[in-house]
Each structure stands twice: as C-alpha cells, then as structure tokens.
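# Structural features, examined
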Amino acid sequence: SITVVEHILILAATGLIFAAILRAEPLQSANDRSRWATVWSLVERGTFQIDEIDQYARWSTIDKVRHRLDDTKPWHFYSSKPPLLSVIVAGLYAIERWTLGHGLFHETQFVTRLLLLIVNGLPFWLGLLALCRCLILLGSSLPARLFVVAAAGFASMLNPYLTTLNNHTPAAACAMFAVMAAAELLTRRQQGFPTGSDEKSSGRPFINLGLFAALTCCFELPAALMGILAFVLAAAIDRRRTLTHFVPAAVIPLAAFFVTNWLATGGIKPFYASYGSETYVYEHHGIPSYWTNPRDLDANQESPAVYLFHCVLGHHGLLSLTPVLCLSICGWCFMVFQKADIARRGIILTGAVLTTVTLGFYLTRTQNYNYGGNSVGLRWMLWMSPFWWIAMAPAAEKLKSRSSRILAGL
C-alpha cells in the first residue's frame, strides 16, 4: 500500500498545483481561449458557434475555423479543437451557473479557476495516486517510487499546462489510469484471475482499461495506437471479459467523441483534419485569417533533421527542457537487455514504442505541425508522460552512490 511519506509528497505536489491554479490568469493563450469560447457559447447561447464571443479582444483566438453546413447557410466561426472536452467543461459550467450563478464572461477569473480545479487539479492528484499504486504493482522499491513521484509532481512539463484549459493534461491523466489498469491486468494474470464472488472485481480492470484508453484517444488522436495495444492486451488475457467489459466501456467515450463532433461540424472529421483548406485559409469581411500567412513557429519550414533536434534537444526539446527524462531512456535500455517481471517490462517497453512511433509520425509531417505552437514544451507528446515516469523507476533503483543520487536529484 501507499506509505505515509508518499501521501505527503503527493499532497505537497497537489497543493502547489492548486495554488498555481488559484493564481492563474484566465484566457492565457489562443488555444485556451478557443476552448473557453466554446464553453461560453454552449451554455449561454446553446451553440458551438463562437462568432459573438470572438468579437471581444480578450476572448478572440486564432485557433478558429470558418464553416457552414451548405452554400445556402451563412459562415460562422468555430473552435478548431475537437469539441468533446469543451462539452464536458460546458456541463460543469452549466452546473456552476445554475447553483452559484457566476457567469464566465463577467466573472472570468473565478469561474475558470474553479473549473480548472475540477478538470486539471483533481485528475492531477488522482493521477499521482495511480502512479504510486502502479509502481507498487510493478515491484518498484520505495526510494525509486519517491523519486518518480517527485519527478512527476514537481519536475514535469505537464505542470505549466495545469493552469490552462487544454487537452494534454486530461489525456495524460487518462493515460495514467489506463496504464494502472494494464498493470493490474498483467499482475492478476500472473496470479490467476479470481472467480465466483470476485467476478465483479476481476472485470473492473478491463472496464478501466477500455474507458481510459479510449478517453486518451479522444483527447489525443495520436494515442490511437495505445488504444489498439490496450485492446490487444485485454483480448490476449481474456476474450470474454474483453467483449463484456472492455469494449462497452471503450464505446462510451468514442461514441461521445463522434457525436459531439457531428453536432459541431456536421461530420465525423474534426475541424483540424482540414488544415490548409478553406476552413482555415479564408478572407472574412476583407480580413484574411491568421492561417493564410502563419508566423514564427506556426510558419515551420524546417527540415525533418532540424525539427527532430528541436523536438529532443532544442527549443521545445523533451530532454533539454526535462533532462530527468534521460533516466527514462536508461530504463528502456535496462528492460531491453535485462530480464524483468513481464508486467514491468511490457509496460516500459510499450512506452518506448509509443514514444518512437509518435515522434516518427510527426517528423513525417513537419509542415503541418509546429511543436505545439508558441507553447511550453512539446505539448503533443506530453500525454505519454506516465510511460516516461514509470520507465524512470528501474534507472532510479540503480542509483546507489551519493553522487549519482545528487545528480539525479538536480
């Protein structure tokens, strides 16, 4: 079970994040404003169209598209982001509006902070608890667990995103819950699944794996590979429970993703799948869209080699901004060349594969992607943070000398 020291460490990290959220300025970026504009429009106007709110300078965003259902309809602006997350937050805002009565437009600071505590702060706390339990299941020592939880709580590039409304932090939390379920399935398989009165508890990991793997895919579309691997794992362990527990749980968020997208766009493709088309590139009342002539990082013209450098060691580099992740690479190497528990080895090497494939995918489309824009870190890979954290544990356990521990701590 989780020790008192681990609980204290988790509460300290959570307290800092809650304090940061309660001090955060609202509407920090175009990405942030794009989603909040949709939340306001859904609750206050009952539509996905953000034309009205976008006219105000502090709410205006470049992360928008111009769309109409057919040639007889007028043009309207919509957020370019998949709408599922905005719909979820709009539901929370509607509850707040009905109970406390604070409006998002006039009391922006109060409402955004309150909703971010629920959307980002609470999953952060639960994610650290799940990380700790996962490490226990995988047989990590207490010193290694303390180091990994400290790195996740205090030294992650996810932390700056917790003060904004974005898809990366909920995706990382869902990925953590899915990894926890996978670890539970693998360890239970080694021990033998319970039957009879414990049938319900034995099906719970399948439900959790299906639900949270699918949710991760909905929040981060490149996580589709993780969803496929999760299904393969579940089917390899127990086909019956996969069909009766995993699949129904996964269908719920996937159906919600496509239904909300259809309500917003009139189709199943998200708006940003049409990047470069007239949806993004247009002239409205004589004013061209930002994406007609994108600037700075958005106007990426770099070669794949230069792009790779900046993704790993450059201005948005995973290792240059978070050098503690070098221990994750060490952990991957240990799992390749050393025999280990099948659950631990499988999860850590899966993280290595997902990281390599996802980075490779984006390197084939450097003209369409921009490191995540003018953002903190390589944001479209941050959902894999739970895999990186868990991979640190084997390396942390190798830190025997005082100098190596001091270096890792620094």
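Details of the structure are given in the entry above.
All figures in this text were calculated on a predicted structure; none of them were measured in a lab.

### Some points on the layout of surface pockets
The computed volume of the second largest pocket comes to approximately 350 Å³. Lining the second largest pocket are 17 residues, with Ala-182, Leu-229, Leu-233, Gly-346 and Thr-350 positioned closest to its centre. Of all the elements in the fold, those that place two or more residues in the lining of the second largest pocket are helix H7 (168-191), helix H9 (224-237) and helix H14 (342-363). The element contributing the most residues to the lining of the second largest pocket is H9, with 6 residues.

### Examining empty space enclosed by the protein
The full count for this structure, using the stated rule, is 4 cavities of 30 Å³ or more. When its volume is computed, the largest cavity comes out at roughly 130 Å³. Every residue along the wall of the largest cavity is listed here: Asn-120, Pro-123, Phe-124, Gly-127, Leu-128, Leu-158, Leu-162, Thr-169, Ala-172, Ala-173, Met-176 and Trp-389. If you list the elements that add at least two residues to the lining of the largest cavity, you get helix H5 (108-137) and H7. For the lining of the largest cavity, a count of residues per class yields 9 nonpolar, 3 polar and no charged. In this structure, the second largest cavity spans a volume of roughly 80 Å³. Ser-156, Met-157, Thr-322, Leu-325 and Ser-385 are, among the 14 residues lining the second largest cavity, the residues nearest its centre. Of the residues belonging to the lining of the second largest cavity, the class tally is 11 nonpolar, 3 polar and no charged.

### Re the side chain of Thr-358
Along the chain, Thr-358 falls in helix H14. When near neighbours in sequence (up to four residues on either side) are disregarded, Thr-358 contacts Pro-222, Met-381, Trp-383 and Met-384.

### Quick word on helix H11 (residues 304-312)
Residues of H11 that are buried: Tyr-307, His-310 and Cys-311. Projected down its long axis, H11 carries its buried residues within an arc of 105 degrees, all on one side. Buried positions along H11 lie against helix H12 (318-321) and H14.

### Brief notes about the pattern of salt bridges
Tallied over the full model, the rule gives 9 salt bridges. Between Arg-45 and Glu-52 there is a salt bridge, with the nearest N and O atoms lying 2.8 Å from each other. Residue Glu-52 is classed as partly exposed on the basis of its relative accessible area, which comes to 37%. Asp-238 is the salt-bridge partner of Arg-241, the closest N and O atoms lying 2.6 Å from each other. The two residues Arg-241 and Asp-238 agree in class, both being buried.

### Observations regarding the pairing of strand S1 (residues 64-67)
Burial of the side chains of S1 extends over both faces: Lys-64 and Arg-66 are buried on one face and Val-65 and His-67 on the other. When S1 meets strand S2 (residues 76-79), the two strands line up antiparallel, connected through 4 bridges. Paired with Val-65 across the two strands is Tyr-78, which belongs to S2.

Criteria and cut-off values
- Residues numbered from 1 in each chain as written.
- Predicted model: local features only at pLDDT ≥ 70, side-chain atom pairs only at ≥ 80, totals over all residues.
- Heavy atoms only, no water.
- 1 Å grid on protein atoms, 1.4 Å probe; cavity = no way out; pocket = protein on both sides within 12 Å on 5 of 7 lines; lining within 4 Å.
- Points joined across faces, edges and corners; volume = space filled by probe spheres on them.
- Helix = DSSP H or I, 4+ residues; strand = E, 2+ residues; numbered from the N terminus.
- Nonpolar A, V, L, I, M, F, W, Y, C, P; charged D, E, K, R; others polar.
- Contact = heavy atoms within 4.5 Å.
- Buried < 20%, exposed > 50% of the residue type's maximum accessible area, 1.4 Å probe, protein only.
- Arc of directions from axis to C-beta.
- Salt bridge = Lys/Arg side-chain N within 4 Å of Asp/Glu carboxyl O.
- Pairing = 2+ DSSP bridges.

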